[in-house]
Amino acid sequence: MKKSLIALAVLTASGISFAQSSVTMFGVVDAAYAKGTGSLTDKTQLKNSGYNSSRFGVRGTEDLGGGLKASFHLEAGVNNDDGSGSGTNTNNQSSGAIAGSTTVGSQGLTFNRRSTVSLEGGFGELRLGRDYTPQFWTETAFDPFGTNGVGTNIAFNKGGTTGVRASNSIGYWSPSFNGVKVWVQTYMGENASTDGAKAGDGNAIRLTYDAGPLSLAYATSSTKTSTAGVNNETSNIGASYDLGMIKLMAQSNKTKVDGSADIDGYVVGATAPLGKGTLRFAMSETDKAGVKSNLTAIGYVYGLSKRTDLYATYARVANKGGATAALNGATTGADQSSTGYDFGIKHSF
Amino acid sequence: MKKSLIALAVLTASGISFAQSSVTMFGVVDAAYAKGTGSLTDKTQLKNSGYNSSRFGVRGTEDLGGGLKASFHLEAGVNNDDGSGSGTNTNNQSSGAIAGSTTVGSQGLTFNRRSTVSLEGGFGELRLGRDYTPQFWTETAFDPFGTNGVGTNIAFNKGGTTGVRASNSIGYWSPSFNGVKVWVQTYMGENASTDGAKAGDGNAIRLTYDAGPLSLAYATSSTKTSTAGVNNETSNIGASYDLGMIKLMAQSNKTKVDGSADIDGYVVGATAPLGKGTLRFAMSETDKAGVKSNLTAIGYVYGLSKRTDLYATYARVANKGGATAALNGATTGADQSSTGYDFGIKHSF
Amino acid sequence: MKKSLIALAVLTASGISFAQSSVTMFGVVDAAYAKGTGSLTDKTQLKNSGYNSSRFGVRGTEDLGGGLKASFHLEAGVNNDDGSGSGTNTNNQSSGAIAGSTTVGSQGLTFNRRSTVSLEGGFGELRLGRDYTPQFWTETAFDPFGTNGVGTNIAFNKGGTTGVRASNSIGYWSPSFNGVKVWVQTYMGENASTDGAKAGDGNAIRLTYDAGPLSLAYATSSTKTSTAGVNNETSNIGASYDLGMIKLMAQSNKTKVDGSADIDGYVVGATAPLGKGTLRFAMSETDKAGVKSNLTAIGYVYGLSKRTDLYATYARVANKGGATAALNGATTGADQSSTGYDFGIKHSF
């Protein structure tokens, strides 16, 4: 993603220059006209983030010399259809402030998407704060729709509060060893020592291998829940191969929440350059003890520039075993299908 | 309004330049010592936005070539007397999160003032997101006090949640045809298809004509309420003529809320350059079935620079038919008057 | 504190230059691994602001000519361990929106740390908005740990809602008269005139003297509470002397809240350059009618650059007379001790 580099910071009040340093302001504003249709109710919306997640952020890097760098990254989710922000979670537990349940105040902007400080060097990167989790990153990287919009794979984020991001995290990214990288992360629920369950504490690891057109990834995580000894566990594996005319990708994932039945999911799909844009196609499934939903999605992204795209996506979900998954705010009866489309514009800066 | 252009964005990490593009950070910080006096209680405050609305925002435009442009605009209200933000509304209905009713948390910053993405070209501008409504714009454009501060016309914003802005809006601005422009807007309440009332859905149009010193505008809107078949309807008309030594302006507006009696209002006033500043004067009235308030306001804005002004405004409201309108946080009895003044500084960047 | 100067704002849409003006975007991202140990419970956290308060802000100054300047400062607290913002207070009273009491939404960003507009000239500075209080500034300036992190003096901020900052404030800073400066501030609770108590109204003054290595300060404040005639009163005095190899500092403060017993406190401590960093040491006490806590803290800040530091702080608090003060989220029994440490990184931009 190209972002404009703002304001090479070159002067302080005393005239000392930071020639190696920069501060970048960046963002995405993505709006879509969206329709969802189900057997019970339909819905029409102006929604955000149909192609890329809308955001506003500031980040920067300082060269400390000797190969060492310090950096920061503050990034807020923006619901640009109505101007509200997105909530965060202070302790990786349901008590940590989930937004939206009442009408007291509008959710203000928070740096919910990422708020980190890092030290980087030959040893890799050490990163502290609120950040993506390793288990998320495989799920989005091997989804032709990048877990945004109506085409988002139906197997996405079946876990708990740390399925996408974690607060109070400490992460380490290794450098590349012949294409192999390791990312380990631990995060804290910050409970008192007398708390038996330690909900919100967790660990995760992601291994990746990149070699030319081939990418492979494996991730697994374990997060403690409010019931002592019961963990929320995820694992996933993904692969992609870029043939030039078409890029193929697939992933498989498994989630166990609060000790109940496993949730199994998979995605297969492809992206292909076509004209001034990209064609996208995916099929995905989620299955929890036979309660099963299958989604098929097709879309096209037309590039007006490197920063601005028009896009259209159409998706259909089929339900079995009593499942009621529905798209774009529609509702549908057990074992009924639902369809939806997005038609939007994404502008980044 | 002049805003400083920040940081011509000229570099990306890969060195590609966006010569035609810019990102602008802008804002207004306006604070006033304000007093209100009524027959029941008085109040003294430090308040914000006595002359211009305090705000913080980021906006930018990208030249797509061929006369086409993409742009974004994210703008948050700022209560700089206490640092809090301003709430927004997610669905143009009272359920859509109105701030301030309890003491749970401070209202964080939201991009409540505007959060839009646009495509512009020879055809005009297509704009998506949260934006001003056409019905508002006439009310503020033909008020010598610009609907800010104690001098704000008493006929202002008598409608519902879409009187000033709407979320989930799609708007189209035509180019100028010999001075005539059209702005049409539709906005969505995003209710389920089985909802009979469709509260928060609405449409509005504004027609303007500008020719040298003369400006004319007409706007009308209809917004569905939570009672099926009952609409909130507004219409207004305004005119101004700039004689050089003095600019005269007037408007008339009518609002029907939830099927009750019409609210009629008007404003007549003028602004005139005087010394290093501008003198402002206005009389306005609102009348709902004989419950009637009349406001007279006079003020002076002294320009310290293009970006910084000192201002003073004095206003008096008279009530009839049981009306209790009062100024600057004072309260007054039925048919009693109230007076108020602002003395402040506005700084923009 | 060095901040990067961003983007000399040189162009408006019409090409007029503001050669004397600047807008600066600045911030601090500070994260620490922190442990607290007490007789009842321990806690481990990733916390923010262990060395400097995490923040994001924008500020700027405009030269008005003739020695006059206008400036603004908008600064938000950032909890970068989880991305949330910090609440503010609208009326300097408990009803003015204290964050954190329930789980409704995440606290969004507010400009809680400061949101002011100023006029400056030979006469000094007049500042309007939400700002630090004079009584706070002495408490932090003569604390070797700057009232941040586990080493924060235990005598800090024993007053009410205006102990650190006040909303609706009007402040005046004198120029220096041979090293002597005066800062007076008044702030408003914005109650109705019929309210007998006028809670949140207050006045404060701070006198400072600086001469080479010597700094002296005295501050006092009085803030009305919700009980008519009962005031929250503070006074403090501080001194520091920089011997080059070591800088010594001490302060004494007294707080009377809601008419109950006085709270007396003191701090003695020192900072000393050592290698590429600074050693810090402090002892502090708070005593309310014999309920007494004593804190000892030692720490080291290692400078990776002017903008980036690593730091470690260790502190121990001893309790007497039934006191239960504990560190870093631990809890401890009456008259039991508590220990804690921070190990972190601070990066500013």
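Look a little higher up for the structure.
Residues numbered from 1 in each chain as written. Chains lettered and ligands numbered in written order. Predicted model: local features only at pLDDT ≥ 70, side-chain atom pairs only at ≥ 80, totals over all residues. Heavy atoms only, no water.

## Topic: unusual backbone geometry
Inference 1: Backbone geometry places A:Asp335, a non-glycine residue, at a positive phi of 65°.
Inference 2: Structurally, the position occupied by A:Asp335 is in the loop between β17 (308-320) and β18 (338-348).
Inference 3: The backbone of C:Asn157 shows a phi angle near 55°, a positive value even though the residue is not glycine.
Inference 4: For C:Asn157, the location among the structural elements is in the loop between α1 (134-141) and β8 (165-173).
Inference 5: For C:Asn157, a relative accessible area of 28% corresponds to the partly exposed category. (Helix = DSSP H or I, 4+ residues; strand = E, 2+ residues; numbered from the N terminus. Buried < 20%, exposed > 50% of the residue type's maximum accessible area, 1.4 Å probe, protein only.)

## Brief notes about helix α1 (residues 134-141) of chain A
All names here are of chain A.
Inference 1: The element α1 is largely enclosed, with a buried count of six among its eight residues.
Inference 2: Those residues of α1 that sit buried are Pro134, Gln135, Phe136, Thr138, Glu139 and Thr140.
Inference 3: Close packing links the buried residues of α1 with β7 (124-132), β9 (180-187), β10 (202-211), β11 (214-224), β12 (231-242) and β13 (247-256). (Contact = heavy atoms within 4.5 Å.)

## Looking at the packing of aromatic side chains
Inference 1: Inspection of every chain in the model, using the stated rule, returns 24 aromatic pairs over all chains.
Inference 2: Between A:Phe56 and B:Phe111 the ring centres are 6.1 Å apart and the planes differ by 90°, which places this aromatic pair in the edge-to-face class. Of the two residues, A:Phe56 sits in strand β3 (residues 55-65) while B:Phe111 sits in the loop between β5 (84-85) and β6 (114-121), which places them in two different chains.
Inference 3: Judged by its relative accessible area of 2%, B:Phe111 is buried.
Inference 4: In this structure an aromatic cluster arises from ring pairing among A:Tyr132, A:Phe136, A:Trp137 and A:Phe156.
Inference 5: For the cation-ring pair, A:Arg127 lies above A:Trp173, with the distance from its terminal atom to the ring centre recorded as 4.0 Å.
Inference 6: The lysine or arginine in question, C:Arg59, covers the ring of C:Phe26, its NZ or CZ lying 4.3 Å from the ring centre. (Phe/Tyr/Trp six-rings, centres within 6.5 Å; stacked < 30°, edge-to-face > 60°. Lys NZ or Arg CZ within 6 Å of the ring centre and 35° of its normal.)

## Topic: a nonpolar patch on the surface
All names here are of chain A.
Inference 1: Together, Tyr33, Tyr266, Val268, Leu274, Leu279, Phe281, Met283, Ile298, Tyr314, Tyr341 and Phe343 make up a nonpolar patch on the protein surface, roughly 960 Å² of accessible area in all.
Inference 2: Considering the arrangement of structural elements, one finds leucine 274 in strand β14 (residues 263-274).
Inference 3: Judged by its relative accessible area of 46%, leucine 274 falls in the partly exposed class. (Patch = residues over 30% accessible without salt bridge, like charges linked within 9 Å, V, L, I, M, F, W, Y side chains within 5 Å. Areas by Shrake-Rupley, 256 points an atom, 1.4 Å probe, with all protein chains shown as cover. Salt bridge = Lys/Arg side-chain N within 4 Å of Asp/Glu carboxyl O.)

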